[in-house]
Amino acid sequence: MNDPAAAPVAAAERIELLDVLRGVALFGILVVNLPLIALPLSEAMGSGNALEAGTSDEWIAALVRMFAENKFMALFSTLFGAGLALQVDRAEARGVAPSSFYPRRLLVLAAFGALNGALVFFGDILLPYAIAGTALYLLRKRSPKAMLWIAAVVMAVGLGLSVVFEGLFGGGGSGGGGQGAGDDLVAADLALAHGSFLEASTARGLIYLAWLVLSSMIAFNWRILALFFVGAALLRLGWATPEKRALHGRAAIVGLLVGVTLEGASLCLHRREDLDIGLRVVDVLLHQLGGLALSAGYAGAVATWCWSGGMATLRRAVARAGRMALTNYLGQNIVAGVIFFGYGFGLRGALSHLEVFGVACLIYAAQLAVSAWWMARASGGPFERLWRRLTYPKGR
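A brief structural summary. (Residues numbered from 1 in each chain as written. Predicted model: local features only at pLDDT ≥ 70, side-chain atom pairs only at ≥ 80, totals over all residues. Heavy atoms only, no water.)

**Remarks on unusual backbone geometry**
- The backbone of Asn 70 sits at a positive phi, close to 75 degrees, despite the residue not being glycine.
- A residue is classified by how much of its surface remains accessible, and Asn 70, at 14% relative accessible area, is buried.
- A positive phi angle, near 45 degrees, is found at Met 311, a position not held by glycine.
- Along the chain, Met 311 falls in the loop between helix H12 (277–308) and helix H13 (312–323). (Buried < 20%, exposed > 50% of the residue type's maximum accessible area, 1.4 Å probe, protein only. Helix = DSSP H or I, 4+ residues; strand = E, 2+ residues; numbered from the N terminus.)

**Remarks on the packing of aromatic side chains**
- Summed over all chains, the structure comprises 16 aromatic pairs.
- Judged by centre distance (6.0 Å) and plane angle (25 degrees), the ring pair of Phe 80 and Phe 228 falls under stacked. You can see Phe 80 sitting in helix H4 (residues 71–93) and its partner Phe 228 sitting in helix H10 (residues 219–236), a full 148 residues away along the chain.
- Arranged with centres 6.0 Å apart and planes meeting at 85 degrees, the rings of Phe 112 and Phe 383 form a pair that is edge-to-face. Of this pair, Phe 112 sits in helix H5 (residues 102–119) while Phe 383 sits in helix H16 (residues 382–391), placing them 271 residues apart in sequence.
- Put simply, the rings of Phe 76, Phe 80, Tyr 129 and Phe 228 pair up and form one aromatic cluster. (Phe/Tyr/Trp six-rings, centres within 6.5 Å; stacked < 30°, edge-to-face > 60°.)

**Some points on the layout of surface pockets**
- Roughly 430 Å³ of internal volume is contained in the second largest pocket.
- Lining the second largest pocket are 23 residues, and of these Thr 78, Val 230, Leu 234, Ala 296 and Ala 299 sit closest to its centre.
- Residue assignment for the lining of the second largest pocket shows that the elements contributing at least two residues are helix H1 (16–38), H4, helix H7 (144–169), H10, helix H11 (245–270) and H12.
- Of the residues assigned to the lining of the second largest pocket, the class counts are 20 nonpolar, 3 polar and no charged. (1 Å grid on protein atoms, 1.4 Å probe; cavity = no way out; pocket = protein on both sides within 12 Å on 5 of 7 lines; lining within 4 Å. Points joined across faces, edges and corners; volume = space filled by probe spheres on them. Nonpolar A, V, L, I, M, F, W, Y, C, P; charged D, E, K, R; others polar.)

**Points about H16**
- Taken together, the buried positions of H16 are occupied by Glu 384, Trp 387 and Thr 391. All buried residues of H16 fall inside an arc of 60 degrees around its axis, so they share one side.
- Buried positions along H16 lie against H4, H5, H13 and helix H14 (325–340). (Arc of directions from axis to C-beta. Contact = heavy atoms within 4.5 Å.)

**Here we look at empty space enclosed by the protein**
- Throughout the structure, instances matching the rule amount to 4 cavities of 30 Å³ or more.
- The space that makes up the largest cavity amounts to roughly 530 Å³.
- As for the largest cavity, its lining consists of 30 residues, and the residues nearest its centre are Arg 14, Arg 22, Gln 87, Arg 105 and Trp 387.
- Counting residues per element, the ones that place at least two in the lining of the largest cavity are H1, H4, H5, helix H6 (126–138), H13, H14 and H16.
- Among the elements that take part in the lining of the largest cavity, H4 stands out by supplying 8 residues, more than any other.
- Looking at the lining of the largest cavity residue by residue, the classes come out as 18 nonpolar, 4 polar and 8 charged.

**Some words on the side chain of Arg 105**
- On the secondary structure map, Arg 105 appears in helix H5.
- Buried and unpaired, Arg 105 has Glu 384 as its nearest opposite-charge partner, separated by 8.2 Å. (Lys, Arg positive; Asp, Glu negative; His and termini not counted. Salt bridge = Lys/Arg side-chain N within 4 Å of Asp/Glu carboxyl O.)

**So, the pattern of salt bridges**
- All told, the structure shown has 9 salt bridges when counted by the stated rule.
- Residue Arg 271 pairs with Glu 58 through a salt bridge whose shortest N-O separation is 3.5 Å. Of this pair, Arg 271 sits in the loop between H11 and H12 while Glu 58 sits in helix H3 (residues 56–67), and the two are 213 residues apart along the sequence.
- Glu 58 sits in the buried class, given a relative accessible area of 15%.
- One network of salt bridges, with partners in common, ties together Glu 92, Arg 140 and Lys 141.

**What to know about the packing of H5 against helix H9 (residues 197–217)**
- Here H5 crosses H9 at 120 degrees, and the two axes come no closer than 6 Å. Taken together, H5 and H9 sit at an angle that is classed as oblique. Contacts between H5 and H9 pair Gly 113, Ala 114, Gly 117, Ala 118 and Leu 119 from the former with Phe 197, Ser 201, Arg 204, Gly 205 and Tyr 208 from the latter.
- Here the residues of the contact of H5 with H9 are counted per class, giving 5 nonpolar, 4 polar and 1 charged. (Axes fitted to C-alpha atoms, helices over the stretch in contact; angles between N-to-C directions. Parallel < 35°, antiparallel > 145°, perpendicular 65-115°, else oblique.)

Here it is as structure tokens:
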């Protein structure tokens, strides 16, 4: 028996602001992720003296760290949490038990993530998203206030772990792993830059496993979990409605001012090589808190843009990209792999930071164009359609 209630959210029910925010976040995520694919790991991660002081490469890397790193991932995580809450709330409003489809939806997302991490990009976020989504699903009946308290506790745990990690290992980015870790990075770089698909996948899989462990020892995965709860709470508090436009404007101003101030201070510390443990911890906290503030500022600014009605053509193009965010996220990784890894054109390590940023802009522009063409002919991107096919029973 067909049950239209147990089905994906219809196009007419979508909230355009959420789609625009997803589309904007996709660009920031690409700008942060692409150097990890295009450049040697030591250079992309800013370890040692890989970048010469005062060069354009150093400035690009610094600007990406200040304005993009962690910020758009935080925005994307918040939106994922909001999306989960939206789907569950609408299903329950139609009398459909979320247990009839959502666990399977999260399981499929986890499978996408594991395959992406092992075969495409070792910095995958989809598996951590599936785990965070499971926690949110289990606690979905909590009030928005309770969800915000849960988020605050989880965020504090993540920040605490980052502080401890920084104190013990110096952040791991300045050769804290010793010569053996450096040799492993060199070997992985060689496999990614010049190896066959099988050789690259072996190296990528090992890096992916190491990243899953490391990201749970620092704030990264904890921040994802916290922001899932924040996104669900804000959606249920009506944050994504035009009635909150005054709040959006204040969030834009305060978030941008506070974020730039904190991130600027962090960058000044981060560029120094003589920091003691106390200042390294201060750097970590400034970077983490500044990132959250800037994410809120970006969200408020994008919301203000949406309500203003300005640049409507661009807004619709970004919204279409956001409607197929899963396809575009995976597509970014696939295209980048073909361009930079050894089994493709093999350009890994051949471009500067500035040139890599230019490639990111070109990929995103192409995604806007392809998304506009595709969404004029379909109800979702290819991977979204596959996700739905595997989530919902036949005929629903």
